[in-house]
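Reading the structure
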Amino acid sequence: MSITFSLQSLKLSCPFLHGSTSLSHLSKPNSSLSQQPLKSPAFLPPIRAMKSMQGRVVCATNDKTVSVEVVRLAPHPKYKRRVRKKKKFQAHDPDNQFKVGDFVQLEKSRPISKTKAFVAVPVPTRNVKREKEEKGELGIPLESDQPQEQQA
């Protein structure tokens, strides 16, 4: 009794010592803040991993089907060095437009057959400038490319 009287006489700023906040209310795990369930917004679609991948066509002999090899880099379990991992996927090619060696993008779709769940889409080509090859490595025109002057 004397301890609580001496604490009240000190008038500390902590609300727990004054008794203004009940400790029984704070010690309950189901407080009013945690009773509301955390909901994800309804407008966001669910997260699905690997909706699309890119790879190279390795087989195009079947009708409306191409076999695409996707290469990814993954760390080695023991040595932690990044290692190439290859996996082949069957993809739907409705127009038979892809040949062996083409780069395609695989878009996830509904299952088309037992092994096909992707649709092959052409990858947009990159605009790579090859001007250095025409002028040489340093960008200077080669002597053989310059017009030769005839001296008399």
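The structure this text deals with has already been given above.
On a predicted model such as this, the values are computed, not experimentally measured, just so you know. (Residues numbered from 1 in each chain as written. Predicted model: local features only at pLDDT ≥ 70, side-chain atom pairs only at ≥ 80, totals over all residues. Heavy atoms only, no water.)

1. What to know about the overall build of the chain
- Helix and strand content of the chain: four helices and five strands.
- Looking at the 152 residues of the chain, the share that counts as buried comes to 14%. (Helix = DSSP H or I, 4+ residues; strand = E, 2+ residues; numbered from the N terminus. Buried < 20%, exposed > 50% of the residue type's maximum accessible area, 1.4 Å probe, protein only.)

2. A short note on the nonpolar core
- Membership of the largest hydrophobic core is limited to 12 residues, which are M53, V57, V66, V68, V70, F89, A91, F98, V104, L106, F118 and A120.
- Of all elements in the fold, only β1 (52-59), β2 (65-75), β3 (82-92), β4 (103-108) and β5 (116-122) reach the threshold of two or more residues within this core.
- No other element matches β2, which puts three residues into this core. (Core = buried A, V, L, I, M, F, W, Y, C linked by side-chain atoms within 4.5 Å.)

3. Quick look at the sheet that holds β1
- With respect to topology, five strands assemble into a closed barrel ordered β1-β2-β3-β5-β4, the strand pairing being mixed. Mean inter-strand twist for the sheet, computed between neighbouring axes without regard to direction, equals 50 degrees.
- Pairing analysis gives 11 bridges linking β2 to β3, with the strands arranged antiparallel. Note on β3: the bridge partner recorded for P75 is R82. (Pairing = 2+ DSSP bridges. Axes fitted to C-alpha atoms, helices over the stretch in contact; angles between N-to-C directions.)

4. A closer look at the environment of H92
- Looking at where H92 falls in the secondary structure, it is placed in strand β3.
- We classify H92 as buried; its relative accessible area is 18%.
- Separated by 14 residues in sequence, H92 and L106 place their C-alpha atoms 9.1 Å apart.
- Leave out the neighbours within four places in its chain, and H92 touches K64, I112, K116, F118, V119 and A120.
- Reaching out from H92, the side chain makes a polar contact with the backbone oxygen of K64 at a distance of 3.3 Å.
- One polar contact links H92 to K116, side chain to side chain, over a distance of 3.1 Å. (Contact = heavy atoms within 4.5 Å. Polar contact = N/O pair within 3.5 Å; in protein donor to acceptor, adjacent residues only side chain to side chain.)

5. Regarding unusual backbone geometry
- With a phi angle near 60 degrees, K80 is a residue other than glycine that sits in the positive phi range.
- Its location among the elements puts K80 in the loop between β2 and β3.
- Using a relative accessible area of 59% as the deciding quantity, one classes K80 as exposed.

6. Describing the pairing of β2
- The pairing of β1 with β2 spans three bridges and is classified as antiparallel. Residue pairing across strands places C59 opposite S67, the latter belonging to β2.
- The antiparallel pairing of β2 with β3 creates a hairpin that spans six residues between the two strands, and K80 there sits at a positive phi of about 60 degrees.

7. Looking at the pairing of β4
- Across five bridges, β1 lies against β4 in antiparallel orientation. Note on β4: the bridge partner recorded for S52 is E107.
- When β4 meets β5, the two strands line up antiparallel, connected through five bridges. Its bridge partner lying in β5, V104 is registered against P122.

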